[in-house]
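Per-entry structural report
Residues per chain are reported as follows:
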Amino acid sequence: MTKTRLLAALIMAPVAIAAILLLSTPWIVALAAVVFLAGLWEWFELAEIEDTLARTVLLVAHLALMVAIVWASRSTSGYSYVLFQLASVIGVVWWLLALLWLRHYDFASNHESWARFFKLAAGALAIIPAWCALAWIHAGEPNGHVWLFTALAIVWAADSAAYFAGRHFGGTLFKGRKLAPRVSPNKTIEGLAGGVVAGVLVGIGGSLLAGASGAQVPLVALVALAATLASVVGDLYESLLKRHAGVKDSGHLIPGHGGILDRIDGVVAALPVFALGKAMFGF
């Protein structure tokens, strides 16, 4: 499985990096919309929306909201990113609330219509703000494309480091303590520690490439830490949805990695946090 995961990553990573660094903001936003909506399609299935027509209608509604945000942001001088910024803030607030949901594991765990409603609302509050944050970061000057790459690299590095740290050190440093045994039994405190270290280091390195000054490095490290922890929350929340639905993966599109949502669960949580932190600290 590790070889399959590695091969899939070696194919996907160069394509993603090239798109982030070479495409203009409108193109990267359009491409991201396709990826995020594909993840949202899988989210609908985890929310037990089994009817294909119903999922299609929901997907079109979310696409229409994305289009409306872009259309409303046009101006005579280009684009205003106020709506994107507002959506990003909403995303940060949502992921803070998601911590409460993780604490109360059984909330909306049944198969009634009201439970599906909450999970569908969670999907909108996760996917739309993440997409807006991606656009906001990439459009930023200077070097917005490098900053976006840094934000994504933080999540990728943290995820990979957590996987290998958990496998090699899990149960040794913290006496076998699990991070969230009811939600994701395989995640360990050692994995979290390894992911945090990798995420912060990659965040610092990427920020220097993006032009951050030495004085800004501590602030970048703080934002990278927050983004890394947010990515863990996103990962755990998707695991909770899968536990409720009784499935192992959100899909089977990516060999060794599961579905699209399995790959972007940490990203959708980290992007709004990174975008807001970057704006607050002015780097």
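Residues numbered from 1 in each chain as written. Predicted model: local features only at pLDDT ≥ 70, side-chain atom pairs only at ≥ 80, totals over all residues. Heavy atoms only, no water.

**A few points about the overall build of the chain**
Counting secondary structure elements, the chain contains nine helices and four strands. Secondary structure elements in the chain, listed N-terminal to C-terminal, are α-α-α-β-β-α-α-α-β-β-α-α-α. On the principal axes, the C-alpha backbone points of the chain span a range of 50 × 45 × 35 Å. Relative to all contacts within the chain whose residues are 6 or more apart in sequence, the contacts with residues 24 or more apart total 73%. Positive and negative charge centroids in the chain, built from 18 and 15 side chains respectively, lie 7 Å apart. (Helix = DSSP H or I, 4+ residues; strand = E, 2+ residues; numbered from the N terminus. Contact = heavy atoms within 4.5 Å. Lys, Arg positive; Asp, Glu negative; His and termini not counted. Charge placed at Lys NZ, Arg CZ, Asp CG, Glu CD.)

**Considerations on the nonpolar core**
The biggest cluster of nonpolar side chains holds 73 residues, and the ones touching the most others in it are Phe 36, Trp 95, Trp 131, Tyr 237 and Leu 271. Residue assignment for this core shows that the elements contributing at least two residues are helix 1 (2-22), helix 2 (25-46), helix 3 (52-72), helix 4 (82-103), helix 5 (113-139), helix 6 (144-169), helix 8 (217-245) and helix 9 (260-281). By residue number, the principal contributor to this core is helix 5, which donates 14 residues. In this structure Trp 131 touches Val 29, Ala 32, Ala 33, Phe 36, Met 66, Ile 69, Val 70 and Phe 84, once residues within four positions along its chain are discounted. (Core = buried A, V, L, I, M, F, W, Y, C linked by side-chain atoms within 4.5 Å. Buried < 20%, exposed > 50% of the residue type's maximum accessible area, 1.4 Å probe, protein only.)

**A short note on a nonpolar patch on the surface**
On the surface, Leu 23, Trp 27, Leu 31, Val 34 and Val 35 cluster together into a nonpolar patch covering about 470 Å² of accessible area. Along the chain, Leu 31 turns up in helix 2. (Patch = residues over 30% accessible without salt bridge, like charges linked within 9 Å, V, L, I, M, F, W, Y side chains within 5 Å. Areas by Shrake-Rupley, 256 points an atom, 1.4 Å probe, with all protein chains shown as cover. Salt bridge = Lys/Arg side-chain N within 4 Å of Asp/Glu carboxyl O.)

**As for the environment of Leu 192**
Along the chain, the position of Leu 192 falls in helix 7 (residues 189-210). Remark: the alpha-carbon pair of Leu 192 and Gly 166, spanning 26 residues in sequence, is separated by 7.8 Å. In this view, Leu 192 contacts Leu 179, Leu 229 and Val 232; residues no more than four positions away in its chain are not counted.

**Re the pattern of salt bridges**
Enumeration according to the criterion identifies five salt bridges in this entry. With its nearest N and O atoms 3.3 Å apart, the salt bridge here joins Lys 187 to Asp 235. Here the residue Lys 187 occupies a position in strand 4 (residues 184-188), and Asp 235 occupies one in helix 8, the gap between them amounting to 48 residues. Owing to a relative accessible area of 23%, Lys 187 belongs among the partly exposed residues under this scheme. Here Lys 242 ties to Glu 238 by a salt bridge, and the two come within 3.7 Å at their closest N and O atoms. Within this pair, Lys 242 and its partner Glu 238 are both found in helix 8, separated by four residues, close to a single helical turn. Looking at Lys 242, the relative accessible area reads 11%, which means it is buried. Residues joined in a network through salt bridges with shared partners are Glu 238, Lys 242 and Asp 262.

**Examining the packing of aromatic side chains**
Using the criterion set out here, one finds 17 aromatic pairs in the structure. Ring geometry for Trp 101 and Tyr 237: centres 5.2 Å apart, planes at 75 degrees, overall edge-to-face. Within this pair, whereas Trp 101 is found in helix 4, its partner Tyr 237 is found in helix 8, the two being separated by 136 residues in sequence. Exposure remark for Tyr 237: the relative accessible area of 1% places this residue in the buried category. Relative to Phe 274, the ring of Trp 147 has its centre 6.3 Å away and its plane inclined at 45 degrees; by these criteria the two rings are tilted. Of this pair, Trp 147 sits in helix 6 while Phe 274 sits in helix 9, and the two are 127 residues apart along the sequence. Considered together, Trp 147 and Phe 274 belong to a single accessibility category, that of buried residues. Site record: aromatic cluster; members linked through ring pairs are Trp 43, Trp 94, Trp 95, Trp 101, Phe 107, Trp 114, Phe 117, Phe 118 and Tyr 237. (Phe/Tyr/Trp six-rings, centres within 6.5 Å; stacked < 30°, edge-to-face > 60°.)

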